[in-house]
Amino acid sequence: MKQVRKAIIPAAGLGTRFLPATKALAKEMLPIVDKPTIQFIVEEARKSGIEDIVVVDGKNKRSIEDHFDSNPELEDNLRAKHKDEMLKLVEETTDINIYFIRQSHPRGLGDAVLTARDFIGDEPFVVMLGDDLNNINNNGNALTKELIDSYHQTGASTLAVMRVPHEDTAKYGVINPSAEVEKGLYNVTNFVEKPDPKDAPSDLAIIGRYVFTPEIFDVLAKTKPGKGGEIQLTDAINTLNKTQRVFAHEYTGDRYDVGNKFGWIQTNIEYGLQHPQTKDELREYIKNLGAKLSAEDQKKTK
Ligand code: G1P
C-alpha cells in the first residue's frame, strides 16, 4: 500500500466573516496568540508524517507565501542581537516542503482540491481545512495522524466527523452512518452538504480532515456545482462512496473552529492559557473578569 505523504491545504476563501481584517490580510494569517492559524495546520501535517504540502490559495494570499519563506534581513538582525529563541521561531517556518498553487476563480472546495491533482499524482493524500484546528496544546493525538493510521488499516478514503448540536448541522457536511464497523469507525450510506436540521441524517458532522485515494480526482472532475453553486467536496465523496468505500472516523479530542469570530476568540483564550508568556496573567484576568461579570449579572436580576 502506498504511504500518505502529501497534503492539500485549501486557502482560497475570501474570509468575509473577518472583514475588515481580511480586506488585505489572508484569513489563514490571523494569529492565535502569536501563531498564524495556517501554521497550526502545517505543524499538524508534519506531526502526522506528511512530507509535502500544497496550499491552494487565491488573491490577497501573498502573506502566506512570505510566512513560509526565509527572511534573511530579519534573521540576520536576530542573529546579530543573539535573540536565539526568536531566530528559531522564524527559521522553523522556513524548513518545510511547501508549495503554492493559485485557484484563479474560487469555485468551491471540490474545485480547490481538484486544482492540486497534478501535484498529488497517483497517491493517497490528505486534505486539511484551515478553519478547523485540533489538539493545539499537544496533549492528545493529531487528528490527521489518526486518519492516516486508519487509512493504513483499511486502504479506504476516510474523513473525520464529530458530534455537533443538531441545530448546527446546516453549517457542515453530515453523514448518514449505516454501521459502526469498529469503535468510532463508520460505514456511511450517504453524505449530505449542509442539510437543514430537519433533514439532517445524524449529528455527525465532517470537520475538515480527509484522507483520499487518488480516485477522488476523477469523481471531482465530473462533479456538477451543488449547494451554493459551488463544486462541493461532500458531493464528490458521496459519489465515490458508491464505487469505493469511504469511512467516517469519529474524533473525540479537542476541536476549535477558527472560521468564525467567536471560535477564534475562544481559541485565543484556550491557547493563551497554555502559552508560557501569557498563561498566568490571562488566568488572573479571566478570574477577575468572571467575578466582575457575575456581579453585574446579579445587579441586573435584582
Ligand atoms: C466545509 C465543507 C463541509 C465541512 C466543513 C468543516 O464547509 O464543505 O462539508 O463540514 O468545511 O469545517 P465550509 O465551512 O468551508 O463552508
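Calculation notes
- Residues numbered from 1 in each chain as written.
- Predicted model: local features only at pLDDT ≥ 70, side-chain atom pairs only at ≥ 80, totals over all residues.
- Heavy atoms only, no water.
- UniProt positions renumbered as here; feature names shortened; annotations may be inferred.
- Helix = DSSP H or I, 4+ residues; strand = E, 2+ residues; numbered from the N terminus.
- Buried < 20%, exposed > 50% of the residue type's maximum accessible area, 1.4 Å probe, protein only.
- Contact = heavy atoms within 4.5 Å.
- Salt bridge = Lys/Arg side-chain N within 4 Å of Asp/Glu carboxyl O.

The name that an unreviewed UniProt entry assigns to the chain is UTP--glucose-1-phosphate uridylyltransferase, with the source organism given as Limosilactobacillus coleohominis 101-4-CHN. The UniProt entry for the chain carries the following comment under Sequence similarities (unreviewed entry): "Belongs to the UDPGP type 2 family." The UniProt entry for the chain carries the following text under Pathway (unreviewed entry): "Carbohydrate metabolism; nucleotide-sugar metabolism."

Attention shifts here to the environment of D122. Structurally, D122 is set in the loop between α6 (117-120) and β6 (125-128). With a relative accessible area of 55%, D122 lands in the exposed category. Residues D122 and T213, 91 residues apart in the sequence, show an inter-C-alpha distance of 8.3 Å. The contact partners of D122, leaving out residues within four places of it in the chain, are K2 and P214.

In this structure the tally under the stated criterion is 21 salt bridges. The shortest N-O distance in the salt bridge between E250 and R163 comes to 3.7 Å. One end of the pair, E250, is in strand β12 (residues 246-250); the other, R163, is in strand β8 (residues 157-163), and 87 residues separate them in sequence. Of the residues examined, R163 reaches a relative accessible area of 51% and is grouped as exposed. For K300, the salt bridge goes to D297, with nearest N and O atoms at 4.0 Å. Here D297 and K300 lie together in helix α11 (residues 279-301), a separation of three residues that amounts to about one turn. When its relative accessible area of 65% is taken as the criterion, K300 is described as exposed.

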